[in-house]
Amino acid sequence: MSTATRQYMPPNGRLQTTNLRYQSDVPRAVATLLETTKQLQEMLRLWAMSQATEQHVSDLYVRLGSEFNSTVVAFQNFGIDMSDIYSIPQDLRAVLEACLSEDASARALNTYLPRVRQIIATLLRGLQSKQAAYWKAIGEAPAGY
């Protein structure tokens, strides 16, 4: 398994140099990121019912950011440009900050959840648009592709 040093400009704008294994696990990274987006939506629902705190939502957002960065690096490991989705964490943060600045309620959830879902849908479309390049890079076609 090859190891290389690659520079990566994450959404926070700080250049990072990371040792990457070329045998990264893109499907695992994507699956974990998608599961975290589902958990974030559920945590917002719980927050709206006062069954979770702002800190719970914030902690999950931080985890989502970490999973997002791992996913970006996994794709970039195969030379796949991910710059079209770099704004996703910042877009999501802005909506979450606005939502959490209000009192927990169904009204707040109904106001902000559609935008959260729209951002997640943009993420999904962005990831989906990278699939063909990934499968080409690894020299395989997925089942049913």
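Not measured: the values here are computed from a predicted model. (Residues numbered from 1 in each chain as written. Predicted model: local features only at pLDDT ≥ 70, side-chain atom pairs only at ≥ 80, totals over all residues. Heavy atoms only, no water.)

**Describing the overall build of the protein**
Here is step 1: The number of helices and strands found in the protein is 5 helices and 2 strands.
Here is step 2: Ordered by position in the sequence, the α and β elements of the protein form the string β-β-α-α-α-α-α.
Here is step 3: The 145 residues of the protein split such that 41% are buried.
Here is step 4: Considering only contacts in the protein between residues 6 or more positions apart, those separated by 24 or more positions represent 64%. (Helix = DSSP H or I, 4+ residues; strand = E, 2+ residues; numbered from the N terminus. Buried < 20%, exposed > 50% of the residue type's maximum accessible area, 1.4 Å probe, protein only. Contact = heavy atoms within 4.5 Å.)

**Description of the packing of aromatic side chains**
Here is step 1: Counted according to the given criterion, the structure contains 3 aromatic pairs.
Here is step 2: Measuring from centroid to centroid gives 5.3 Å for Phe 78 and Tyr 134, while their planes differ by 85°, and the two rings are edge-to-face. Placement of the pair is Phe 78 in the loop between helix 2 (54-76) and helix 3 (88-100) and Tyr 134 in helix 5 (residues 131-138), with a sequence separation of 56 residues.
Here is step 3: What makes Phe 78 partly exposed here is its relative accessible area of 22%. (Phe/Tyr/Trp six-rings, centres within 6.5 Å; stacked < 30°, edge-to-face > 60°.)

**What about the pattern of salt bridges?**
Here is step 1: Counted under the stated rule, the structure contains 5 salt bridges.
Here is step 2: We note a salt bridge from Arg 28 to Asp 25, for which the minimum N-O separation is 3.8 Å.
Here is step 3: Note on Arg 28: relative accessible area 42%, which makes it partly exposed. (Salt bridge = Lys/Arg side-chain N within 4 Å of Asp/Glu carboxyl O.)

**Some details on the environment of Ser 83**
Here is step 1: Residue placement: Ser 83 occurs in the loop between helix 2 and helix 3.
Here is step 2: Taking the relative accessible area as the measure of exposure, Ser 83 reaches 38% and is therefore partly exposed.
Here is step 3: When the C-alpha positions of Ser 83 and Val 72 are compared, they lie 8.9 Å apart, and in sequence the two are 11 residues distant.
Here is step 4: At a separation of 3.0 Å, a polar atom in the side chain of Ser 83 contacts the side chain of Asp 81. (Polar contact = N/O pair within 3.5 Å; in protein donor to acceptor, adjacent residues only side chain to side chain.)

**Points about the packing of helix 3 against helix 4 (residues 106-128)**
Packed helices, taken two at a time, are described by their axes: the angle between them and the distance between them.
Here is step 1: Look at helix 3 against helix 4: their axes get within 10 Å of each other, and the N-to-C directions meet at 175°. For the element pair helix 3 / helix 4, the angle class is roughly antiparallel. Between helix 3 and helix 4, the contacting residues are Ile 88, Asp 91, Leu 92, Val 95, Leu 96, Ala 98 and Cys 99 on the first element and Ala 108, Tyr 112, Arg 115, Val 116, Ile 119, Thr 122 and Leu 123 on the second.
Here is step 2: Its residues assigned to classes, the contact of helix 3 with helix 4 shows 11 nonpolar, 1 polar and 2 charged. (Axes fitted to C-alpha atoms, helices over the stretch in contact; angles between N-to-C directions. Parallel < 35°, antiparallel > 145°, perpendicular 65-115°, else oblique. Nonpolar A, V, L, I, M, F, W, Y, C, P; charged D, E, K, R; others polar.)

**Regarding the confidence of the model for the protein**
Here is step 1: Looking at the protein, the pLDDT average stands at 85 and 79% of residues meet or exceed 70.
Here is step 2: Across residues 1-20 the pLDDT falls below 50, and counting only partners more than four positions away or on other chains, this stretch makes 48 contacts in the model. (pLDDT = per-residue confidence, 0-100.)

**Brief notes about the side chain of Thr 37**
Here is step 1: Mapped onto the secondary structure, Thr 37 falls in helix 1 (residues 26-48).
Here is step 2: Classification of Thr 37 by relative accessible area gives buried; the value is 4%.

**Side note on the environment of Leu 109**
Here is step 1: Looking at the secondary structure, you find Leu 109 in helix 4.
Here is step 2: Judged by relative accessible area, which is 11%, Leu 109 ranks as buried.
Here is step 3: Each C-alpha atom, one on Leu 109 and one on Trp 47, is 8.6 Å from the other, the two residues being 62 residues apart in sequence.
Here is step 4: Each residue touching Leu 109, except ones within four places of it in the same chain, is listed here: Leu 44, Arg 45, Ala 48 and Pro 114.

**Let's talk about the packing of helix 1 against helix 2**
Here is step 1: Close contact between helix 1 and helix 2 brings their axes to 9 Å; oriented N to C, the two are set at 165°. Considering the angle they form, helix 1 stands roughly antiparallel to helix 2. Crossing of helix 1 over helix 2 shows left-handed handedness.
Here is step 2: When grouped by side-chain class, the residues that make up the contact of helix 1 with helix 2 number 15 nonpolar, 7 polar and 3 charged. (Left-handed = near helix turned anticlockwise from the far one by under 90°.)

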